[in-house]
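# Structural overview
What follows is the residue order along each chain.
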Amino acid sequence: MDKFIDEAVNYLQEAEHAVVFTGSGISAESGISTFRGEDGLWERYNPEEVASIYGFRKNPAAFWHFARDLFLKSTAFPNPGHEALAQLEKMDVIKAVITQNIDMLHQKAGSQNVLELHGSLDKVDCLNCTREFNWDHIASVLEKDCPVCESCGSKMLKPRIVFFGEALPAGTLKKAREETEKSDVFLVVGSSLEVYPAAGFPDIARYSGAKTILINKDITGLEDMFHTVIKGKAGEVLPRLAEACI
Ligand code: APR
Ligand code: ZN
């Protein structure tokens, strides 16, 4: 692994505009389940039922039970992988984090320029009366039961995340595309790259001439697309990259 870490460090140190792209794998060491791979959430839940806009409208409670399992049982604290990315941004080695994750752990770790392609849990809206709630309040209610709107009693409380069947936030998508097209190094961490349009970003980076680096705990079958592949856990590899870039 050392040889590949050295390669990645060289790319990062010479980079003018390095960008990082993350998936659920970077939050696995914070206790948040990934969607695919061993013990993935989609082995236990039907995404149509718990993560599509059709399923949500039919039965919001199914989503909230899923959300409780996904977010309330985890430590929900950043791990050394998130912290290393925040450090690399502070050192001006990386310019942006493009994430598919909705857990806000990059921001909690101190990353500033975070582009959340699939939105985040930060705010929850009542689809009936448009009242807005903060996640912390909703999470406290979710411990005991599925949340309902305290203004109108509606069960249609929806977090600002992108459900299957919904479009990605256009402004974030545009900014993420600009960052990717500008990148001369593009580091993909902890993603199966199975869900488009997010999964298309490494291609955009490569066509823009960027050196592409993959960090993943498992073999993804996409290794040939990358200039450098580091097989390892994000929480172990990223701190080594940050350490070497000091
Ligand atoms: N370090 C690095 N990689 C890891 C780790 C780890 N500690 N643990 C797991 N991985 C890898 C897995 O091998 C897998 O390739 O992270 C990847 C996680 O893949 P997915 O679970 O498919 O997550 P992601 O790519 O983010 O999914 C994309 O799919 O269901 C939708 O909206 C959901 O945003 C999500 C999208
Ligand atoms: Zn309401």
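## Digging into the overall build of the protein
- Within the protein, the regular secondary structure consists of 11 helices and 9 strands.
- In summary, the protein has a C-alpha radius of gyration of 18 Å against a globular reference of 18 Å for 246 residues, a match within 12%.
- Dimensions of the protein, computed from the C-alpha atoms along their principal axes, are close to 55 × 30 × 30 Å.
- Contacts in the protein between residues far apart in sequence, at least 24 positions, make up 67% of those at least 6 positions apart.
- Counting only carbon and sulfur atoms, one obtains 50% of the accessible surface of the protein, whose full area is about 11500 Å².
- Of the side-chain charges in the protein, 26 are positive and 36 negative, and the distance between the mean point of each set is 5 Å.

## What about the domain arrangement of the protein?
- Domain parsing of the protein yields domain 1 (1-31 + 78-118 + 169-246) and domain 2 (33-73 + 119-161).
- Taking only C-alpha atoms into account, the centre of domain 1 sits 27 Å from that of domain 2.
- At the junction of the two partners, domain 1 supplies 15 residues and domain 2 supplies 13 residues.
- In total, domain 1 and domain 2 occlude about 1000 Å² of area from one another, counting both sides; carbon and sulfur atoms represent 58% of this.
- A per-residue breakdown of the area domain 1 buries against domain 2 is headed by Ser-24, Ile-102 and Met-104, which together make up 46% of the total.
- Note that Glu-38 is salt-bridged to Lys-217, the shortest N-O span being 3.2 Å.

## Comments concerning helix α8 (residues 135-142)
- For α8, the set of buried residues is Trp-135, Ile-138, Ala-139 and Leu-142. One face of α8 carries all of its buried residues, which in axial projection span an arc of 100 degrees.
- For α8, the elements touching its buried residues are α5 (60-72), β4 (119-126), β5 (132-134) and β6 (157-161).

## Overview of the pairing of strand β8 (residues 211-216)
- The buried fraction of β8 amounts to 5 of the 6 residues, a majority that puts the element mostly inside the structure.
- Sheet topology note: the strand β7 (residues 185-189)/β8 ladder contains 5 bridges and is parallel. Opposite Phe-186, over in β8, you have Thr-212 as the bridge partner.
- Once the chain exits β7 it traverses helix α10 (residues 201-207) before rejoining the sheet at β8, and the crossover so formed is right-handed.
- Note: β8 against strand β9 (residues 228-231), 4 bridges, orientation parallel. Among the inter-strand pairings, Leu-214 is bridged to a residue of β9, identified as Val-229.

## Overview of the nonpolar core
- Residues Phe-63, Trp-64, Trp-135 and Leu-157 are the most contacted members of the largest nonpolar core, which totals 31 residues.
- Among the elements of the structure, α2 (41-44), α3 (47-51), α4 (53-58), α5, β4, α8 and β6 are those that each provide at least two residues to this core.
- When residues of this core are assigned to their parent elements, the largest contribution, 7 residues, is made by α5.
- In terms of domain composition, this core takes at least three residues from each of domain 1 (1-31 + 78-118 + 169-246) and domain 2 (33-73 + 119-161).
- Once residues lying within four places of it in the same chain are set aside, the contact partners of Trp-135 are Trp-64, Phe-71, Met-104, Leu-121, Asp-122, Val-124 and Leu-142.
- Within the second largest apolar cluster, 27 residues are counted, among which are Ile-94, Ile-215, Val-237 and Cys-245.

## Concerning the coordination of the zinc ion (ligand 2)
- Bound to the zinc ion (ligand 2) are the protein donor atoms Cys-126 (SG), Cys-129 (SG), Cys-149 (SG) and Cys-152 (SG), situated 2.2 to 2.3 Å from the metal.
- Note that the zinc ion (ligand 2) binds 4 donor atoms; their angles at the metal cover 104 to 116 degrees, and the shape is tetrahedral.
- On the basis of relative accessible area, Cys-126 is assigned to the buried category, the value being 2%.

The rules we used
Residues numbered from 1 in each chain as written. Chains lettered and ligands numbered in written order. Predicted model: local features only at pLDDT ≥ 70, side-chain atom pairs only at ≥ 80, totals over all residues. Heavy atoms only, no water. Helix = DSSP H or I, 4+ residues; strand = E, 2+ residues; numbered from the N terminus. Rg over C-alpha atoms; globule rule 2.2 N^0.38 Å. Contact = heavy atoms within 4.5 Å. Areas by Shrake-Rupley, 256 points an atom, 1.4 Å probe, with all protein chains shown as cover. Lys, Arg positive; Asp, Glu negative; His and termini not counted. Charge placed at Lys NZ, Arg CZ, Asp CG, Glu CD. Domains from an automatic or database assignment. Buried area = accessible area lost by both parts, 1.4 Å probe. Salt bridge = Lys/Arg side-chain N within 4 Å of Asp/Glu carboxyl O. Buried < 20%, exposed > 50% of the residue type's maximum accessible area, 1.4 Å probe, protein only. Arc of directions from axis to C-beta. Pairing = 2+ DSSP bridges. Right-handed = clockwise from strand over helix to strand, strands pointing away. Core = buried A, V, L, I, M, F, W, Y, C linked by side-chain atoms within 4.5 Å. Donors = N, O, S within 2.8 Å, 3.2 Å for Na, K, Ca; no water. Tetrahedral: all angles 85-135°; square planar, octahedral: opposite > 155°, others 65-115°.

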